[in-house]
Amino acid sequence: MKPAFLALAAALALGNLAVTAAPATAQSVLRIGLQDDPDTLDPVSNWSFVGRHVLQSLCDKIVDIDDTGKIIPMLAESWEWSPDSTVLTLKLRKGAVFHDGTPVDAAAIKYNLERALTSGISRRKAEISAIKTVEAVDAATVKINLKEPSVPLLAALSDRAGMIISPAAGAKLGDKFTDAPVCSGPYKFQERVIQDRIVLEKFPQYYDAAKYHFDRLIYRGMPDSNVRLLNLRSRQLDLIERLAATDVEAVKKDKALAVAPVVGLGYYGITFSIGGDGANLDAGKKAAIREAFSLAIDRQAISNVVFDGQASTGNQPFPPSSPFYDKKFPVPARDLDAAKKKMAEAGVKSVDLELLVPTDAERQQVAQLVQAMVQEIGIKVSIKPTELMTLLDIARQGKFQAHLVGWSGRVDPDLNVTPMLSCGAATNDAKYCNEALDSILAKARSLGDVEARKAEYAKAVAILLKDLPIVYLYHSQWIFAHNSALTGFKPAPDGIIRLTNVSRKN
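Residues numbered from 1 in each chain as written. Predicted model: local features only at pLDDT ≥ 70, side-chain atom pairs only at ≥ 80, totals over all residues. Heavy atoms only, no water.

A.B. asks: Break down the overall build of the chain for me, citing the residues and quoting the values.
C.D. replies: Looking only at helices and strands, the chain has 15 helices and 21 strands in total. Taking 506 residues into account, the globule formula puts the C-alpha radius of gyration at 23 Å, and the chain, at 23 Å, falls close to it. Considered along the principal axes of its C-alpha atoms, the chain spans approximately 65 × 55 × 40 Å. Every one of the 506 residues in the chain was classed for burial, and the buried ones make up 58%. A sequence separation of at least 24 residues applies to 70% of the contacts in the chain between residues at least 6 apart. Only carbon and sulfur atoms are counted for the fraction: they give 52% of the accessible area of the chain, which is about 19,300 Å². When the 61 basic and 58 acidic side-chain charges of the chain are each reduced to a single mean position, those positions are 1 Å apart. (Helix = DSSP H or I, 4+ residues; strand = E, 2+ residues; numbered from the N terminus. Rg over C-alpha atoms; globule rule 2.2 N^0.38 Å. Buried < 20%, exposed > 50% of the residue type's maximum accessible area, 1.4 Å probe, protein only. Contact = heavy atoms within 4.5 Å. Areas by Shrake-Rupley, 256 points an atom, 1.4 Å probe, with all protein chains shown as cover. Lys, Arg positive; Asp, Glu negative; His and termini not counted. Charge placed at Lys NZ, Arg CZ, Asp CG, Glu CD.)

A.B. asks: For the sheet that holds strand 16 (residues 379-385), give the residues involved together with the corresponding values.
C.D. replies: The sheet built from six strands is open, its strands ordered 14-18-13-17-15-16 with mixed pairing. Edge strands, defined here as strands with exactly one partner in the open sheet, are strand 14 (312-313) and strand 16. Strands in contact with helix 9 (residues 299-307) are strand 14 and strand 18 (470-475); relative to strand 18, the strand with the most contacts, it is inclined by about 45°. Packing of helix 12 (residues 388-397) onto the sheet brings it into contact with strand 15 (351-357) and strand 17 (402-407), and relative to strand 17 it is tilted by some 110°. (Pairing = 2+ DSSP bridges. Axes fitted to C-alpha atoms, helices over the stretch in contact; angles between N-to-C directions.)

A.B. asks: Explain the sheet that holds strand 4 (residues 76-81) to me, using residue names and the numbers behind them.
C.D. replies: Taken in spatial order, the four strands line up as 4-5-7-6 in an open sheet, and their pairing is antiparallel. Two strands close off the open sheet at either side, each with one partner strand: strand 4 and strand 6 (131-138). Strand-to-strand twist in this sheet, taken as the mean axis angle between neighbours without regard to direction, amounts to 20°. Pairing between strand 6 and strand 7 (residues 141-146): six bridges, direction antiparallel. Each residue of the ladder has a partner; that of A136, found in strand 7, is V142. The strands touched by helix 3 (residues 106-118) are strand 5 (87-92), strand 6 and strand 7; relative to strand 6, the strand with the most contacts, the crossing angle is about 165°.

A.B. asks: I'd like a description of the environment of I240, backed by residues and values.
C.D. replies: With respect to the helices and strands, the residue I240 is situated in strand 11 (residues 239-240). Residue classification places I240 among the buried positions, given a relative accessible area of 0%. Once the C-alpha coordinates of I240 and A126 are considered, the two residues, 114 residues apart in sequence, prove to be 31 Å apart. If we ignore the near neighbours within four places in the chain, the residues touching I240 are G33, R228, L229, L232, I479, F480 and A481.

A.B. asks: Run through the packing of helix 9 against helix 11 (residues 361-375), naming residues and quoting values.
C.D. replies: For the pair helix 9 and helix 11, interaxial distance at closest approach is 10 Å and the crossing angle is 140°. Between helix 9 and helix 11, the interaxial angle falls into the category oblique. As for the relative orientation of helix 9 and helix 11, their crossing is right-handed in sense. Contacts between helix 9 and helix 11 involve A301, I302, V305, V306 and F307 from the former and E362, Q365, V366, L369, V370 and M373 from the latter. Classifying every residue of the contact of helix 9 with helix 11 gives nine nonpolar, one polar and one charged. (Parallel < 35°, antiparallel > 145°, perpendicular 65-115°, else oblique. Left-handed = near helix turned anticlockwise from the far one by under 90°. Nonpolar A, V, L, I, M, F, W, Y, C, P; charged D, E, K, R; others polar.)

A.B. asks: I'd love a proper account of the packing of aromatic side chains, names of residues and values included.
C.D. replies: The description of two aromatic rings rests on the distance between their centres and on the angle between their planes. Here the structure, examined in full by the defined rule, presents 13 aromatic pairs. Considering the side-chain rings of Y267 and Y472, the 4.9 Å spacing of their centres and the 90° angle between planes classify their relative orientation as edge-to-face. Of this pair, Y267 sits in strand 13 (residues 267-272) while Y472 sits in strand 18; the two residues are 205 residues apart in sequence, bridging distant segments of the chain. On the basis of relative accessibility, which here comes to 3%, the residue Y267 falls in the buried class. Looking at Y472, the relative accessible area reads 3%, which means it is buried. (Phe/Tyr/Trp six-rings, centres within 6.5 Å; stacked < 30°, edge-to-face > 60°.)

A.B. asks: Quick rundown of the state of the cysteines? Include the residues and the values.
C.D. replies: As used in these notes, a disulfide is a covalent bond between sulfur atoms, one from each of two cysteines. Applying the stated rule across the entire model yields two disulfides. The disulfide partner of C59 is C183, and the S-S distance across this bridge is 2.1 Å. Judged by the sign of its S-S torsion, about 50°, the cystine formed by C59 and C183 is right-handed. Taken together, the residues span a long stretch of sequence, with C59 in the loop between helix 2 (49-58) and strand 2 (63-65) and C183 in the loop between helix 5 (167-173) and strand 8 (187-193) at a distance of 124 residues. C183 matches C59 in its accessibility class, with the two residues each being buried. (Disulfide = S-S within 2.5 Å.)

A.B. asks: I'd love a proper account of empty space enclosed by the protein, names of residues and values included.
C.D. replies: One pass over the full model with this rule turns up six cavities of 30 Å³ or more. Taken as a whole, the largest cavity spans an internal volume of roughly 350 Å³. Contributing to the lining of the largest cavity are 29 residues, with W47, L392, V405, G406 and W407 lying nearest its centre. Secondary-structure elements contributing two or more residues to the lining of the largest cavity are helix 2, strand 13, helix 12, strand 17 and helix 13 (418-421). The element best represented in the lining of the largest cavity is strand 17, accounting for four residues. Residue classes in the lining of the largest cavity are distributed as 14 nonpolar, seven polar and eight charged. Approximately 170 Å³ is the volume found for the second largest cavity. For the second largest cavity, the lining is made up of 16 residues, of which R242, F307, E362, S476 and Q477 are closest to its centre. Within the residue set of the lining of the second largest cavity, elements represented by two or more residues are helix 11 and strand 19 (477-483). Examining the composition of the lining of the second largest cavity, we find that three residues originate from one element, strand 19, more than from any other. In terms of residue class, the lining of the second largest cavity is built from eight nonpolar, four polar and four charged. (1 Å grid on protein atoms, 1.4 Å probe; cavity = no way out; pocket = protein on both sides within 12 Å on 5 of 7 lines; lining within 4 Å. Points joined across faces, edges and corners; volume = space filled by probe spheres on them.)

Structure, rendered in structure tokens:
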């Protein structure tokens, strides 16, 4: 490492912050600490990762994944593809009802998928854009007809695109659904106090209610990992997400606590505004500058300093452990000479770049290290700490130069690329468009054979590493910590909290 960021690495440390007060814990209440306060509680418009934690217990999905990443039944008990992969037929479970007592049937599935495709507030359109029509064949059978073969669709239905709300509540509340969400999950909405708490109550009519052992869930957003851990130690919280990697060993030594890590599916990277209103005239318009930026970064140093070596370094949308990671393009070592040549190729000696960064300690530290690294080639980064929901809103509008935000990842590789980087996608913050890339991705979606899909994603990666709308940095583990009295908690690779069979020992 160079001195410019060696000194910074040594100086970085979490501050001592006060414990957030909370009521005493009751046996029937589970208190969960999240990294941020979620945005909306409407599956069609939600975009925050932390929102998925709440929605997982509030809104059942068409399918889910297990702790190995395998797609498993949820509202759909079974499914079948047509031979040409253009029709997906779902068979629904019987007895599922929404929190308002109305049935979860084929008509409800049809309503939800059409809402996700047509609503003005929908962020799900790109995820399920292959859908042509949805038919309610009978009360328990749904036929989804596609415009073209799209193997990733089923995986998309294991996340927010597959979360089903009550059509009656949707029709009544419209865009205000988030204020009083009505779904069919094991818990129903009770109250929300913005920037404080979200409270869910157990839904007795849930078809699998016996597998859920808490009467109430209370979610609290706490951006600082140190504060979350302090609250866990003081028993103000029972379970926290994203324990800092540097705290893992200390927590393991505490008999009152337990650690539950799982390797994630997604990535963290720096997204550049390419075609947005706020795009930097140099970094946003000249790929050579983004190449220089990437070459100036020591990814292993970031893993060592911020994550105690536990993050996997990365340079692609998929982690090196993924079968879709292209080994022909390994994670590059830091190369200042090559970076400086790229700056010269771009015809600039210096660039001023504003970087929006969420307020949590880890990403602030990552940003500070990146700032020190790229400064050595003339890229002067100004870090702008920004509350996550505000940042995401700015990002969706394209009114930024660069931001450091992660993507939690999906079980199908297409969903780590297409929603963020396909032309015109609602969640394409970079406003990047490459029609050749879109064609490659479309072909990959049509293929059922893994090896054939790998070949297409290799082509896609080659384009992304040339254009660099996103400079991928690392792939983190999802590290949970909880009171050792909790039993049955199994983290899934998507990093989302699932509470099936979780209970508290007496």
